[in-house]
Amino acid sequence: MPVVMDADRISRTLMRIAHEILERNRGVEDLALVGIRTRGVPIARRLAQIIQDVQQRDSSSGSGGEPATPKVEVPTGSLDITLYRDDLMRHPVGPQPVIRRTEIPFSIDDKRILLVDDVLYTGRTIRAALDALIDFGRPKSIQLVVLVDRGHRELPIKADYVGRNLPTSLSQSVQVHLTEIDGRDEVEIQES
Amino acid sequence: MKKDLLSIDDLSSEEIYLILDTAEAMREIGQRPIKKVPTLRGKTVVNLFYEPSTRTRTSFEIAEKRLSADTLNIAVAASSVLKGETLADTAMNLEAMAPDVIVLRHASSGACYLLSRICKSRIINAGDGMHEHPTQALLDAFTIREHKKRIEGLKVVIVGDLLHSRVLRSNVLLLTRLGADVWICGPPTLLPAGIDRFGVHVSTSVGEAVVDADVIMMLRIQQERMQGAFFPSLREYFNTFGMTEARVARARPDVIIMHPGPINRGVEIASEVADGPYSVILEQVANGVSVRMSVLYLLAGGQKED
């Protein structure tokens, strides 16, 4: 199982994406992160932390080293898309997928939402996530952040921020491991 | 999960916890500005109610609509049952129109089993006579777990008309399955024969039963099912078994008072208790929607028997 990203590379990639987000949005105003369960959630939390740190550093160095500016908080939520899946009732044999909690503890109205997932593949998860988000309100915009884009899209969906493009074949699977869930940071490709 | 939910006996402990955990996730949908998800889009759910019901029918209907199912309600008063059609015939006619789920409330114990044999649709028992009311027991367990963070080891005292109560049977099955210490209390005339075989403590003294209780669950005196005199008068019943503040004071300080509704103030429960700070009666109603959404979602993907 070849490891295609190790812990170092993942952390540098997230640092780069955080800077790209700040650059493209010209700061943190109205920004909010929503991670897709399961592994989009820790990625969203890490991005929020990096963005807050960077913003804090920049604003305090601007005012002569005094941390007089209020602490920057980028609201972060988590989204479970199970109830919006397009394949949910197509195979009505066997147990239903487990539903986890959706927690978006802020209004998404007029926010610039960064939707975060680990792997972008067919695009169907993102389609479901867009439907789910729209049920929470009317954001100003939605941008898509993924750690890995492995190709093979079945829907017209494109990521705004990509950690790494990984050309894969359909017989392969991409496994993202994150410390918060799996005890280690690693992306690997598996032959199935 | 099995095809139908007819009895708590159809569920393993793992399935009970899965229903409760899924209900936690479902509750969040009710707090959104748009209280609807597309999960059961295109599924047809028939609510077939042979007995009057406000809470249960409304609760099921809201749950179905929040999951985007197409729902229709058959109130027996306005249906061909009045023209003499039997339950089996009604079921076969409904089946011909291929609904995905039928929610049945019926005055005869076991009516849902008859329906289950006839219909391919999934059947949810919304109360059958004096037998069971599984979704009520599930929402009670959900409410208890929310307040006490556990069910195992709690002292749960169920007081009231034990004989006619389907809520009692479902709750006894569920709570003993999950390891609660269940006490039941009522007049000897309203004790179902052989109930002690279900692993519960039986008492005819409410003052004794409620000592150190974590949960007190009141059951309604079901006069509509009573043929004969089970106790001298409602006033005497209240004096002997009614839940008063003095009796609640013997339970643990953090006791919660539950009631499946509709409550009869001054018969099984004093108004001060029903409206007291420890009463979770209205939370039970709110939780009913989440739990029924959970059951509908999980059953819709259950194993289909052909």
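Nothing here was measured: the structure is a model prediction, and the numbers come from that model.

**Structural notes on the confidence of the model for chain B**
All names here are of chain B.
And then number 1: Of all residues in chain B, 97% attain a pLDDT of 70 or more, and the chain-wide mean is 92.
And then number 2: The model gives residues 302-306 a pLDDT under 50, and that stretch makes 11 contacts with residues more than four places away or in other chains.
And then number 3: Here the complex is predicted with pTM 0.91, and the ipTM for its interfaces comes to 0.83.

**Overview of the sheet that holds strand β5 (residues 155-159) of chain B**
Residues and elements named next belong to chain B.
And then number 1: Strand order in this open sheet of 5 strands is β7-β6-β5-β8-β9, and the pairing throughout is parallel. Each of the sheet's edge strands pairs with one partner strand only, and the pair in question is β7 (201-203) and β9 (256-258). Direction aside, neighbouring strands of the sheet carry axes that sit 20° apart on average.
And then number 2: Two strands pair when backbone bridges link them, and strand β8 (residues 215-218) and β9 are joined in this way by 3 bridges, in the parallel orientation. The residue bridging Met217 from the neighbouring strand is Met258, located in β9.
And then number 3: Most of the contacts of helix α6 (residues 166-177) go to strand β6 (residues 181-185), to which it runs at about 155°, and overall it touches β5, β6 and β8.

**Structural notes on helix α1 (residues 13-29) of chain B**
Side chains of residues three or four places apart in an α-helix project in the same direction, reflecting 3.6 residues per turn.
And then number 1: Between its first and last C-alpha, α1(B) extends 25 Å over 17 residues, near the 24 Å set by a 1.5 Å rise per residue.
And then number 2: Where α1(B) is concerned, the buried positions are Ile16(B), Ile19(B), Leu20(B), Thr22(B), Ala23(B), Ala25(B), Met26(B) and Ile29(B).

**Let's talk about the interface of chain A and chain B**
And then number 1: Of the residues lining the interface, 17 residues belong to chain A; the matching set on chain B comes to 17 residues.
And then number 2: For the side of chain A that touches chain B, the residue count by class is 9 nonpolar, 4 polar and 4 charged.

**A few points about the sheet that holds strand β2 (residues 70-75) of chain B**
Residue and element names in this part refer to chain B.
And then number 1: Taken in spatial order, the 4 strands of this open sheet run β2-β1-β3-β4, and their pairing is parallel. Every interior strand has two partners, whereas the edge strands, β2 and β4 (122-128), have only one. In this sheet, neighbouring strand axes are inclined to one another by 15° on average, regardless of whether the strands run parallel or antiparallel.
And then number 2: By the bridge criterion, 5 bridges tie strand β3 (residues 101-106) to β4 in an arrangement that is parallel. Within β4, the position partnered with His106 by the bridge is Asp128.

Each value, and the rule that gives it
Residues numbered from 1 in each chain as written. Chains lettered and ligands numbered in written order. Predicted model: local features only at pLDDT ≥ 70, side-chain atom pairs only at ≥ 80, totals over all residues. pLDDT = per-residue confidence, 0-100. Contact = placed C-beta atoms within 7 Å. Pairing = 2+ DSSP bridges. Helix = DSSP H or I, 4+ residues; strand = E, 2+ residues; numbered from the N terminus. Axes fitted to C-alpha atoms, helices over the stretch in contact; angles between N-to-C directions. Expected span 1.5 Å × (residues − 1). Buried ≥ 20, exposed ≤ 12 C-beta atoms within 10 Å, placed from the backbone. Nonpolar A, V, L, I, M, F, W, Y, C, P; charged D, E, K, R; others polar.

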